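Chain by chain, the residues:
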Amino acid sequence: MKSVRCHPRVHLHVQASGRWSTVEPPLATLPRDGSLDGLYVPDPGEAWVEYDMMAVEMRVMAAEAGETRMLDAFREGRDLHTENTMVIFGWSELPADWQGKQDERRTFGKTFGHRLDYLGDPRRCMDIPNAQKLGLTAERLERAAEAYFTRYPRLRAYHRRKTQEYAVTREARTFLGRRRRGFSAGMALVRELVNHPFQGGVADVFNRTALQVWQALRPLGGRFVFQRHDAATWGVPVGQVDEAVRRIEAVFDAPWRINGYDVRIPIAWKEVRYADLSSPV
């Protein structure tokens, strides 16, 4: 099969959050299960290294809200999504049939928690996949939401404070000061602006670190390949993989100062990819 060089377009200013968009083809929206990875591969002699920022949105949110209970969990390396699932389901300990990160109850708890973080109505969360299968009802989800915010009172106070503020100012800013104006009305306006310090703050972290990584890898012959959500893929010469990893980790070792808190954003590494998907050439 003849190979064809792909030159995707990267748009920097089309998303309100500040995230970049990769189109023609839309690499960011391809399945993440690896089923289509063979469609695009590095050049011979080049390796692709990919990192994914771990729970970056929740880390930014926790600092913005001053929610120290979340920040402590991250600092201690605990699985916050599992802890939140226990709160949501009212468990004092994990059930015997717990399947870890693949457990559908954890998946639900993660999605439900994110809905609450963005002022979602718990009674309308029955549309989350597996809600009925797990025996949940709108009334039970309302109680779960109350338990969630009882655990995180500073997040609830942040929501109340920002609801009042945004209704007056009609604008929000990320921790780096990037502004977003709101053009909706009522709670639609508030939800639109509550989104910005969190997702917009994540975009700021991604964009700044991408520039720093590019500066670090340029002397090695590195290049930016594409972005996918909170992950970035970089191309480097095969012989420079270890040095590239070292330099990227040095970039992410520096903390971000957010609302008076030092927040480190850890990264998870994906498998290095080569031209034949498995070994150097």
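The structure under discussion appears in the preceding block.
Residue indices begin from 1 for each chain and proceed along its sequence in written order. Given that this is a predicted model, residues contribute local features only at a pLDDT of at least 70 and side-chain atom pairs are listed and counted only at 80 or more, while totals for whole chains, interfaces and linings are drawn from all residues. Remark: hydrogens and water are excluded; side-chain values derive from all non-hydrogen atoms of the structure.

1. Structural notes on the pairing of strand S3 (residues 46–53)
Next up, step 1: Judged by how many residues are buried, S3 sits mostly within the fold: eight of eight residues are covered.
Next up, step 2: Residues Glu46, Trp48, Glu50 and Asp52 of S3 are buried on one face, and the alternating residues Ala47, Val49, Tyr51 and Met53, pointing to the opposite face, are buried as well.
Next up, step 3: Relative to strand S7 (residues 231–237), S3 is paired through seven bridges, and the arrangement is antiparallel. Each residue of the ladder has a partner; that of glutamate 46, found in S7, is proline 237.
Next up, step 4: In this structure, S3 lies alongside strand S10 (residues 267–269), joined through three bridges in antiparallel fashion. When the sheet's bridge partners are listed, methionine 53 is paired in S10 with isoleucine 267. Think of it in three bands: residues with accessible area under 20% of the maximum for their type are buried, residues over 50% are exposed, and the middle band is partly exposed, with areas taken using a 1.4 Å probe on protein chains only. Labels follow the DSSP assignment, with helices taken as runs of H or I lasting at least four residues and strands as runs of E lasting at least two, numbered in each case from the N terminus. Any two strands with at least two DSSP bridges between them are considered paired.

2. Topic: the sheet that holds S3
Next up, step 1: Taken together, the four strands give an open sheet; going across it, the order is S6-S7-S3-S10, and neighbouring strands pair in antiparallel fashion. Looking along the sheet, the strands with just one partner apiece sit at the ends: strand S6 (223–228) and S10. Sheet twist, expressed as the average angle between the axes of neighbouring strands with direction ignored, equals 30°.
Next up, step 2: By the bridge criterion, five bridges tie S6 to S7 in an arrangement that is antiparallel. Considered in S7, the bridge of phenylalanine 226 is made with threonine 233.
Next up, step 3: Working rule for contacts: check all heavy atoms of both residues, and any pair within 4.5 Å makes them a contact. Whenever a helix is involved, its axis is fitted only over the stretch in contact; in every case the axis is a line through C-alpha atoms, and angles between N-to-C directions fall within 0 to 180 degrees. Across the sheet, helix H7 (residues 186–217) touches S3, S6 and S7, and the angle it forms with S7 is around 5°.

3. Digging into the side chain of glutamate 83
Next up, step 1: Looking at where glutamate 83 falls in the secondary structure, it is placed in helix H3 (residues 80–89).
Next up, step 2: There is a polar contact of 2.9 Å between the side chain of glutamate 83 and the side chain of arginine 151.
Next up, step 3: With sequence-adjacent residues up to four places away left out, glutamate 83 is seen in contact with Ala73, Arg78 and Arg151. Pairing of N or O atoms within 3.5 Å defines a polar contact, subject to two protein rules: one partner must be a possible hydrogen donor and the other a possible acceptor, and residues neighboring in sequence count only if both atoms are side-chain atoms.

4. A word on the packing of helix H1 (residues 56–65) against helix H6 (residues 153–169)
Next up, step 1: Close contact between H1 and H6 brings their axes to 9 Å; oriented N to C, the two are set at 75°. Judged on the interaxial angle alone, H6 and H1 are roughly perpendicular. Between H1 and H6, the residues in contact are Met61, Glu64 and Ala65 and Arg154, Leu155 and Tyr158, respectively. Between 65 and 115 degrees an angle is taken as roughly perpendicular, under 35 as roughly parallel, over 145 as roughly antiparallel, and anywhere else as oblique.

5. As for unusual backbone geometry
Next up, step 1: Positive phi is not limited to glycine here, since arginine 170 has a value of about 60°.
Next up, step 2: When you line up the elements, arginine 170 lands in the loop between H6 and strand S4 (171–173).
Next up, step 3: At asparagine 259, a residue that is not glycine, the phi angle is positive and equals roughly 55°.
Next up, step 4: Considering the arrangement of structural elements, one finds asparagine 259 in the loop between strand S8 (256–258) and strand S9 (261–263).
Next up, step 5: Judged by relative accessible area, which is 47%, asparagine 259 ranks as partly exposed.

6. What to know about the environment of valine 4
Next up, step 1: Secondary-structure assignment places valine 4 in the segment before strand S1 (9–11).
Next up, step 2: A sequence separation of 35 residues divides valine 4 from leucine 39, and the C-alpha atoms of the two residues are 10.0 Å apart.

7. Brief notes about empty space enclosed by the protein
Next up, step 1: A 1.4 Å probe that fits but cannot get out identifies a cavity on a 1 Å grid over protein atoms alone, an open set with protein on both sides within 12 Å along at least five of seven lines counts as a pocket, and a residue lines either if it has an atom within 4 Å of a point. Grid points are joined across faces, edges and corners, and a volume is the space filled by probe spheres set on the points. In this structure the tally under the stated criterion is one cavity of 30 Å³ or more.
Next up, step 2: Each pocket or cavity is described by its volume, and for the largest cavity that value is around 50 Å³.
Next up, step 3: Residue lining of the largest cavity: Trp48, Val49, Glu50, Phe226, Arg228, Thr233, Glu271 and Arg273, and that is the complete set.
Next up, step 4: At the level of elements, S3 and S6 are the ones that each hand at least two residues to the lining of the largest cavity.

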